[in-house]
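Understanding the architecture of this molecule
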Amino acid sequence: ANLSGADLNSANLKGADLSEVDLSKADLRGANLEGANLTSANLKGADLEGANLAGANLKGADLTNADLEGANLKGADLKGANLAGADLEKANLTGR
């Protein structure tokens, strides 16, 4: 699915299957993506400031230049994810 540039500000996407979805440059500020499947998703330049990604599957996701400031990534699986240029200031990266 192509959701490039979509406005998903504060959306509740808890547990959603967004694998391989194009979310490049999407507005996901404050969105709830807890436990979501974002395997191989394109999140290039996406705004995820303050988003809840606790327990999310981000294996192989492209987060190049994404804004993850203050995001909750507790227990998220980032194996193989591309975080080049991503802003992780104040992000929670603690394990499970």
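Numbering of residues starts from 1 in each chain and follows the order in which that chain's sequence is written. This being a predicted model, a pLDDT of at least 70 is required before a residue's local features are given, and a value of 80 or more before pairs of side-chain atoms are given or counted; all residues contribute to the totals for chains, interfaces and linings. Calculated side-chain values reflect all of the structure's heavy atoms, with hydrogen atoms and water omitted.

Here's the deal with the nonpolar core
Nonpolar side chains tend to gather and get buried jointly when the protein is soluble and globular. Here is the rule: We call a set of buried Ala, Val, Leu, Ile, Met, Phe, Trp, Tyr and Cys residues a nonpolar core when their side-chain atoms join them within 4.5 Å. Note on classification: 1.4 Å probe, protein chains only; a residue is buried when its accessible area is under 20% of the maximum for its type, exposed when over 50%, partly exposed between these limits. Contact criterion: two residues are considered in contact whenever any of their non-hydrogen atoms come within 4.5 Å of each other.
Ranked by internal contacts, the top residues of the largest apolar core, which has 32 residues, are Leu-28, Leu-33, Leu-43 and Leu-48. When near neighbours in sequence (up to four residues on either side) are disregarded, Leu-43 contacts Leu-23, Ser-24, Leu-28, Leu-48, Leu-58, Asp-62, Leu-63, Thr-64 and Ala-66.

Some thoughts on unusual backbone geometry
The backbone of Ser-10 shows a phi angle near 65°, a positive value even though the residue is not glycine. Even without glycine at this site, Lys-25 takes up a positive phi of about 60°. Residue Lys-25 is classed as exposed on the basis of its relative accessible area of 65%.

A closer look at the side chain of Asp-77
Formally: Here a polar contact is recorded for every N or O atom pair within 3.5 Å, except that within protein the pair must consist of a potential hydrogen donor and a potential acceptor, and residues adjacent in sequence are included only if both atoms are side-chain atoms.
By relative accessible area, which is 13% here, Asp-77 ends up buried. Within the local environment of Asp-77, its side chain forms a polar contact with the backbone nitrogen of Lys-79, the two atoms lying 3.1 Å apart. When sequence neighbours within four positions are dropped, the list of residues in contact with Asp-77 reads Ala-56, Asn-57, Leu-58 and Lys-59.

Let's talk about the environment of Lys-14
Judged by relative accessible area, which is 53%, Lys-14 ranks as exposed. For the pair Lys-14 and Leu-53, spaced 39 residues apart in sequence, the C-alpha separation works out to 8.8 Å. Discounting residues that sit within four places of it in the chain, Lys-14 has contacts with Asn-32 and Glu-34.

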